[in-house]
Amino acid sequence: MSSNAGRNADTSAAPPLPAPLGVPVADSHTHLDMQSGTVEEALAKAASVGVTTVVQVGCDVRGSRWAAETAAAHDSVHAAVALHPNEAPRIVHGDPDNWSRQGARKAGGAAALDEALAEIDRLAALPHVKGVGETGLDYFRTGPEGKEAQEYSFRAHVEMAKRHGKALVIHDRDAHADVLRVLKEEGAPERTVFHCYSGDAEMAEICARAGYFMSFAGNVTFKNAQNLRDAVAVAPPELILVETDAPFLTPAPYRGRPNAPYLVPVTVRALAAVRGVHEDALATALAANTARAFGY
(Lines give C-alpha, C1' and ligand atoms only; values in the text may rest on other atoms or scores of the structure.)
Protein backbone atom coordinates (compact mmCIF):
# COMPACT_ATOMS: atom_id res chain seq x y z
CA MET A 1 0.00 0.00 0.00
CA SER A 2 1.40 3.44 -0.88
CA SER A 3 1.74 6.03 1.87
CA ASN A 4 -1.06 8.00 0.17
CA ALA A 5 -3.43 5.06 0.32
CA GLY A 6 -2.62 4.63 4.01
CA ARG A 7 -3.39 8.26 4.64
CA ASN A 8 -6.72 8.02 2.79
CA ALA A 9 -7.71 4.91 4.74
CA ASP A 10 -6.94 6.74 7.96
CA THR A 11 -9.13 9.76 7.10
CA SER A 12 -12.18 7.54 6.62
CA ALA A 13 -11.63 5.62 9.87
CA ALA A 14 -13.84 6.47 12.84
CA PRO A 15 -11.84 8.07 15.69
CA PRO A 16 -11.54 6.01 18.90
CA LEU A 17 -13.99 6.31 21.79
CA PRO A 18 -12.95 9.06 24.22
CA ALA A 19 -13.01 8.46 27.98
CA PRO A 20 -16.62 8.74 29.23
CA LEU A 21 -17.80 11.98 30.82
CA GLY A 22 -18.63 11.82 34.51
CA VAL A 23 -21.77 13.91 33.95
CA PRO A 24 -23.99 13.19 30.90
CA VAL A 25 -24.46 15.90 28.27
CA ALA A 26 -26.39 16.49 25.04
CA ASP A 27 -25.09 16.94 21.51
CA SER A 28 -27.09 20.08 20.68
CA HIS A 29 -26.69 19.77 16.89
CA THR A 30 -26.06 16.68 14.79
CA HIS A 31 -26.99 15.17 11.42
CA LEU A 32 -27.46 11.44 12.02
CA ASP A 33 -28.88 11.07 8.49
CA MET A 34 -25.48 12.01 7.04
CA GLN A 35 -23.50 9.58 9.24
CA SER A 36 -22.69 5.92 8.58
CA GLY A 37 -24.32 3.14 10.60
CA THR A 38 -27.78 3.04 12.14
CA VAL A 39 -29.37 5.59 14.44
CA GLU A 40 -29.46 2.95 17.19
CA GLU A 41 -25.70 2.32 16.85
CA ALA A 42 -24.92 6.05 16.95
CA LEU A 43 -27.08 6.60 20.05
CA ALA A 44 -25.63 3.58 21.88
CA LYS A 45 -22.05 4.62 21.11
CA ALA A 46 -22.76 8.17 22.28
CA ALA A 47 -24.50 7.02 25.47
CA SER A 48 -21.51 4.79 26.30
CA VAL A 49 -19.36 7.93 26.78
CA GLY A 50 -22.02 10.07 28.49
CA VAL A 51 -23.72 11.74 25.51
CA THR A 52 -27.27 10.71 26.32
CA THR A 53 -29.33 13.17 24.25
CA VAL A 54 -29.01 14.49 20.70
CA VAL A 55 -30.76 17.19 18.71
CA GLN A 56 -31.21 15.94 15.15
CA VAL A 57 -31.30 18.87 12.74
CA GLY A 58 -33.01 19.03 9.36
CA CYS A 59 -31.64 21.07 6.44
CA ASP A 60 -34.41 20.62 3.85
CA VAL A 61 -37.95 19.26 3.66
CA ARG A 62 -36.88 15.63 3.32
CA GLY A 63 -34.30 15.85 6.12
CA SER A 64 -36.72 17.69 8.38
CA ARG A 65 -39.37 14.99 7.93
CA TRP A 66 -36.72 12.39 8.77
CA ALA A 67 -35.66 14.36 11.87
CA ALA A 68 -39.26 14.53 13.12
CA GLU A 69 -39.82 10.79 12.51
CA THR A 70 -36.53 9.86 14.21
CA ALA A 71 -37.32 12.00 17.26
CA ALA A 72 -40.77 10.41 17.48
CA ALA A 73 -39.14 6.94 17.50
CA HIS A 74 -36.36 7.62 20.06
CA ASP A 75 -36.74 9.21 23.50
CA SER A 76 -33.15 10.47 23.45
CA VAL A 77 -33.58 12.33 20.14
CA HIS A 78 -35.17 15.76 19.73
CA ALA A 79 -35.73 17.30 16.31
CA ALA A 80 -35.17 20.70 14.73
CA VAL A 81 -36.69 21.37 11.31
CA ALA A 82 -35.87 23.98 8.68
CA LEU A 83 -34.65 24.91 5.26
CA HIS A 84 -30.90 25.51 5.54
CA PRO A 85 -29.84 29.02 4.39
CA ASN A 86 -28.29 27.46 1.28
CA GLU A 87 -31.43 25.45 0.55
CA ALA A 88 -33.74 28.48 0.12
CA PRO A 89 -31.87 29.94 -2.92
CA ARG A 90 -31.63 26.45 -4.48
CA ILE A 91 -35.41 26.05 -4.26
CA VAL A 92 -35.94 29.46 -5.88
CA HIS A 93 -33.11 29.46 -8.45
CA GLY A 94 -32.55 25.74 -8.99
CA ASP A 95 -29.56 23.49 -8.37
CA PRO A 96 -28.19 22.34 -11.73
CA ASP A 97 -24.92 21.06 -10.24
CA ASN A 98 -26.59 18.79 -7.64
CA TRP A 99 -24.68 20.47 -4.80
CA SER A 100 -27.47 19.60 -2.36
CA ARG A 101 -27.25 15.81 -2.86
CA GLN A 102 -30.86 15.67 -4.07
CA GLY A 103 -30.28 15.44 -7.81
CA ALA A 104 -30.30 18.37 -10.20
CA ARG A 105 -33.25 20.67 -9.51
CA LYS A 106 -35.05 23.20 -11.66
CA ALA A 107 -35.81 26.70 -10.44
CA GLY A 108 -39.11 26.72 -8.56
CA GLY A 109 -39.38 30.43 -7.85
CA ALA A 110 -40.94 32.10 -4.83
CA ALA A 111 -44.01 29.83 -4.91
CA ALA A 112 -41.88 26.71 -4.41
CA LEU A 113 -40.11 28.34 -1.45
CA ASP A 114 -43.45 29.21 0.17
CA GLU A 115 -44.63 25.63 -0.35
CA ALA A 116 -41.48 24.25 1.33
CA LEU A 117 -41.83 26.72 4.21
CA ALA A 118 -45.45 25.61 4.71
CA GLU A 119 -44.26 22.01 5.16
CA ILE A 120 -41.59 23.11 7.68
CA ASP A 121 -44.32 25.04 9.52
CA ARG A 122 -46.45 21.88 9.70
CA LEU A 123 -43.51 19.87 11.11
CA ALA A 124 -42.59 22.64 13.58
CA ALA A 125 -45.96 22.19 15.30
CA LEU A 126 -45.18 18.55 16.27
CA PRO A 127 -44.48 18.00 19.99
CA HIS A 128 -41.18 16.12 19.51
CA VAL A 129 -39.86 18.91 17.28
CA LYS A 130 -38.12 21.22 19.76
CA GLY A 131 -36.44 23.65 17.38
CA VAL A 132 -36.82 25.57 14.13
CA GLY A 133 -33.47 25.45 12.37
CA GLU A 134 -30.92 25.41 11.08
CA THR A 135 -31.86 28.69 9.46
CA GLY A 136 -30.04 31.99 9.10
CA LEU A 137 -27.65 33.41 6.52
CA ASP A 138 -24.66 31.92 4.70
CA TYR A 139 -22.64 34.25 2.49
CA PHE A 140 -19.86 31.68 2.02
CA ARG A 141 -21.75 29.46 -0.42
CA THR A 142 -24.54 31.71 -1.64
CA GLY A 143 -23.69 34.65 -3.87
CA PRO A 144 -25.53 38.00 -4.08
CA GLU A 145 -28.29 36.54 -6.27
CA GLY A 146 -29.37 34.21 -3.45
CA LYS A 147 -29.38 36.71 -0.59
CA GLU A 148 -33.00 37.80 -1.02
CA ALA A 149 -34.33 34.22 -0.86
CA GLN A 150 -32.11 33.50 2.15
CA GLU A 151 -33.29 36.48 4.14
CA TYR A 152 -36.95 35.88 3.24
CA SER A 153 -36.61 32.26 4.43
CA PHE A 154 -34.77 33.29 7.62
CA ARG A 155 -37.51 35.79 8.55
CA ALA A 156 -40.18 33.15 7.94
CA HIS A 157 -38.38 30.72 10.28
CA VAL A 158 -38.07 33.37 13.01
CA GLU A 159 -41.82 33.97 12.86
CA MET A 160 -42.48 30.22 12.92
CA ALA A 161 -40.29 29.62 15.98
CA LYS A 162 -42.09 32.37 17.87
CA ARG A 163 -45.57 31.22 16.87
CA HIS A 164 -44.88 27.59 17.86
CA GLY A 165 -42.85 28.49 20.96
CA LYS A 166 -39.80 26.56 19.70
CA ALA A 167 -36.08 27.31 19.89
CA LEU A 168 -34.56 29.08 16.87
CA VAL A 169 -31.36 27.41 15.64
CA ILE A 170 -29.14 29.74 13.65
CA HIS A 171 -26.58 28.97 10.97
CA ASP A 172 -24.40 32.07 10.56
CA ARG A 173 -21.53 31.89 8.09
CA ASP A 174 -19.73 35.08 7.07
CA ALA A 175 -22.94 36.99 7.85
CA HIS A 176 -22.72 38.08 11.50
CA ALA A 177 -23.96 41.66 11.08
CA ASP A 178 -26.94 40.73 8.91
CA VAL A 179 -27.98 37.82 11.14
CA LEU A 180 -27.97 40.11 14.19
CA ARG A 181 -29.84 42.78 12.19
CA VAL A 182 -32.64 40.41 11.13
CA LEU A 183 -33.02 39.09 14.70
CA LYS A 184 -33.33 42.66 15.94
CA GLU A 185 -35.81 43.66 13.22
CA GLU A 186 -38.01 40.58 13.60
CA GLY A 187 -37.64 40.24 17.38
CA ALA A 188 -35.77 37.06 18.31
CA PRO A 189 -37.64 34.13 19.87
CA GLU A 190 -37.26 33.67 23.61
CA ARG A 191 -34.76 30.85 22.98
CA THR A 192 -32.25 31.47 20.20
CA VAL A 193 -29.20 29.27 19.59
CA PHE A 194 -26.17 30.22 17.48
CA HIS A 195 -25.20 26.77 16.22
CA CYS A 196 -21.49 26.22 15.55
CA TYR A 197 -20.79 29.67 16.95
CA SER A 198 -18.34 31.36 14.58
CA GLY A 199 -17.99 34.90 15.95
CA ASP A 200 -15.37 36.41 18.22
CA ALA A 201 -15.36 37.59 21.85
CA GLU A 202 -16.93 40.93 20.93
CA MET A 203 -19.86 39.23 19.19
CA ALA A 204 -20.16 36.81 22.14
CA GLU A 205 -20.76 39.81 24.38
CA ILE A 206 -23.50 41.06 22.02
CA CYS A 207 -25.12 37.58 22.06
CA ALA A 208 -24.81 37.41 25.85
CA ARG A 209 -26.59 40.74 26.30
CA ALA A 210 -29.41 39.49 24.07
CA GLY A 211 -29.59 36.16 25.93
CA TYR A 212 -28.66 34.08 22.87
CA PHE A 213 -27.18 30.62 23.45
CA MET A 214 -23.80 29.95 21.84
CA SER A 215 -23.14 26.36 20.80
CA PHE A 216 -19.51 25.39 20.27
CA ALA A 217 -18.41 22.60 17.92
CA GLY A 218 -15.18 20.69 17.34
CA ASN A 219 -13.62 23.57 15.44
CA VAL A 220 -12.96 25.27 18.80
CA THR A 221 -10.01 22.82 19.00
CA PHE A 222 -8.49 23.90 15.66
CA LYS A 223 -5.15 25.74 15.83
CA ASN A 224 -6.44 28.70 13.81
CA ALA A 225 -9.60 29.16 15.93
CA GLN A 226 -8.32 31.52 18.64
CA ASN A 227 -11.36 33.75 18.01
CA LEU A 228 -13.61 30.89 19.14
CA ARG A 229 -11.57 30.19 22.27
CA ASP A 230 -11.70 33.91 23.09
CA ALA A 231 -15.50 33.74 22.74
CA VAL A 232 -15.68 30.64 24.98
CA ALA A 233 -13.71 32.51 27.63
CA VAL A 234 -16.18 35.41 27.82
CA ALA A 235 -19.51 33.65 27.14
CA PRO A 236 -21.72 33.39 30.27
CA PRO A 237 -21.68 29.79 31.59
CA GLU A 238 -25.49 29.61 31.44
CA LEU A 239 -25.50 30.35 27.67
CA ILE A 240 -22.94 27.78 26.45
CA LEU A 241 -23.91 24.60 24.57
CA VAL A 242 -21.78 21.90 22.93
CA GLU A 243 -22.38 20.15 19.62
CA THR A 244 -20.72 18.03 16.96
CA ASP A 245 -22.42 19.21 13.73
CA ALA A 246 -21.47 15.64 12.79
CA PRO A 247 -20.33 14.33 10.38
CA PHE A 248 -18.55 17.69 10.00
CA LEU A 249 -16.05 19.63 12.19
CA THR A 250 -14.40 16.67 13.89
CA PRO A 251 -12.30 17.95 16.80
CA ALA A 252 -8.50 17.78 16.88
CA PRO A 253 -6.59 15.49 16.84
CA TYR A 254 -9.10 13.75 14.53
CA ARG A 255 -9.81 16.65 12.16
CA GLY A 256 -10.73 15.41 8.69
CA ARG A 257 -12.12 12.09 9.95
CA PRO A 258 -15.88 11.39 10.33
CA ASN A 259 -17.50 13.08 13.31
CA ALA A 260 -20.31 11.60 15.43
CA PRO A 261 -22.08 12.40 18.72
CA TYR A 262 -19.75 10.11 20.72
CA LEU A 263 -16.92 12.63 20.15
CA VAL A 264 -18.66 15.39 22.19
CA PRO A 265 -16.43 14.63 25.25
CA VAL A 266 -13.34 15.76 23.28
CA THR A 267 -14.90 19.19 22.76
CA VAL A 268 -16.28 19.37 26.32
CA ARG A 269 -12.73 18.86 27.66
CA ALA A 270 -11.37 21.54 25.32
CA LEU A 271 -14.04 24.00 26.50
CA ALA A 272 -13.34 23.18 30.15
CA ALA A 273 -9.62 23.81 29.58
CA VAL A 274 -10.28 27.22 27.99
CA ARG A 275 -12.57 28.22 30.86
CA GLY A 276 -10.31 26.77 33.56
CA VAL A 277 -13.08 24.69 35.13
CA HIS A 278 -13.47 20.99 35.91
CA GLU A 279 -15.12 19.05 33.10
CA ASP A 280 -17.86 17.77 35.46
CA ALA A 281 -18.84 21.32 36.40
CA LEU A 282 -18.98 22.35 32.75
CA ALA A 283 -20.91 19.20 31.74
CA THR A 284 -23.49 19.90 34.46
CA ALA A 285 -24.04 23.40 33.04
CA LEU A 286 -24.09 22.18 29.42
CA ALA A 287 -26.75 19.55 30.17
CA ALA A 288 -28.99 22.06 31.96
CA ASN A 289 -28.45 24.73 29.28
CA THR A 290 -29.36 22.41 26.39
CA ALA A 291 -32.53 21.23 28.13
CA ARG A 292 -33.48 24.86 28.78
CA ALA A 293 -32.65 25.99 25.25
CA PHE A 294 -34.73 23.29 23.60
CA GLY A 295 -37.45 22.99 26.23
CA TYR A 296 -37.21 19.29 27.01
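About the criteria used
- Residues numbered from 1 in each chain as written.
- Predicted model: local features only at pLDDT ≥ 70, side-chain atom pairs only at ≥ 80, totals over all residues.
- Heavy atoms only, no water.
- Helix = DSSP H or I, 4+ residues; strand = E, 2+ residues; numbered from the N terminus.
- Rg over C-alpha atoms; globule rule 2.2 N^0.38 Å.
- Buried < 20%, exposed > 50% of the residue type's maximum accessible area, 1.4 Å probe, protein only.
- Areas by Shrake-Rupley, 256 points an atom, 1.4 Å probe, with all protein chains shown as cover.
- Lys, Arg positive; Asp, Glu negative; His and termini not counted.
- Charge placed at Lys NZ, Arg CZ, Asp CG, Glu CD.
- Axes fitted to C-alpha atoms, helices over the stretch in contact; angles between N-to-C directions.
- Parallel < 35°, antiparallel > 145°, perpendicular 65-115°, else oblique.
- Left-handed = near helix turned anticlockwise from the far one by under 90°.
- Contact = heavy atoms within 4.5 Å.
- Expected span 1.5 Å × (residues − 1).
- Polar contact = N/O pair within 3.5 Å; in protein donor to acceptor, adjacent residues only side chain to side chain.
- Pairing = 2+ DSSP bridges.
- Phe/Tyr/Trp six-rings, centres within 6.5 Å; stacked < 30°, edge-to-face > 60°.
- Lys NZ or Arg CZ within 6 Å of the ring centre and 35° of its normal.

**Digging into the overall build of the chain**
- Helices and strands together make up the secondary structure of the chain, namely eleven helices and eight strands.
- Rg of the C-alpha trace for the chain: 18 Å, near the compact-globule value of 19 Å for 296 residues, within the 12% margin.
- Seen through its C-alpha atoms, the chain measures out along the principal axes to roughly 50 × 50 × 40 Å.
- Within the chain, the proportion of its 296 residues that are buried is 54%.
- Taken as a whole, the chain presents about 12,400 Å² of accessible surface, with 54% of it coming from carbon and sulfur.
- Positive and negative side-chain charges in the chain, numbering 28 and 36 respectively, have mean positions lying 2 Å apart.

**Thoughts on the packing of helix α9 (residues 226-234) against helix α10 (residues 264-275)**
- Contact geometry of α9 with α10 gives a least axis separation of 9 Å together with a crossing angle of 70°. Comparing their axes, α10 and α9 come out roughly perpendicular. Crossing of α9 against α10: the hand is right-handed. Residues R229, V232 and A233 of α9 form the contact with α10, whose own contacting residues are L271, V274 and R275.

**With respect to helix α11 (residues 279-294)**
- With 16 residues, α11 should cover 22 Å at 1.5 Å per step; its first-to-last C-alpha distance of 22 Å lies within 8% of that length.
- Among all positions in α11, only L282, A283, L286, N289, T290, A291, A293 and F294 are buried.
- Of the residues flanking the end of α11, it is G295, one or two places downstream, whose phi is positive at about 65°.

**Re the side chain of N259**
- Summarising the element assignment, N259 is placed in the loop between β8 (240-242) and α10.
- Among the polar contacts listed, one links the side chain of N259 to the backbone oxygen of L249, at a separation of 3.4 Å.

**Some words on the sheet that holds strand β7 (residues 213-216)**
- The eight strands lie next to each other as β1-β2-β3-β4-β5-β6-β7-β8, forming an open sheet whose pairing is parallel. Here the strands that pair on one side only, and so sit at the sheet edges, are β1 (25-30) and β8. Averaged over neighbouring strand pairs, the angle between their axes works out to 30° when direction is ignored.
- Its contacts with the sheet put helix α6 (residues 147-164) on β4 (129-138) and β5 (167-173), and the angle it makes with β4 is roughly 155°.
- On the sheet, helix α8 (residues 201-210) packs against β5, β6 (192-194) and β7 and is oriented at approximately 135° with respect to β7.

**Considerations on the packing of α8 against α9**
- Close contact between α8 and α9 brings their axes to 8 Å; oriented N to C, the two are set at 35°. Of the two possible hands of crossing, α8 and α9 adopt the one that is right-handed. On the side of α8, the interface is formed by A201, A204 and E205, while α9 contributes N227, D230, A231 and V234.

**Digging into the packing of aromatic side chains**
- Following the criterion strictly, the structure yields two aromatic pairs and no others.
- Taking 5.4 Å as the distance between ring centres and 55° as the angle between the ring planes, the aromatic pair formed by Y197 and F216 counts as tilted. Separated by 19 residues along the polypeptide, Y197 in the loop between β6 and α8 and F216 in strand β7 bring together distant segments of the chain.
- For K147, the ring lying beneath its charged end belongs to Y139, and the centroid distance is 4.2 Å.
- Between the NZ or CZ atom of R255 and the centre of the ring of F222, over which it lies, the distance is 3.7 Å.

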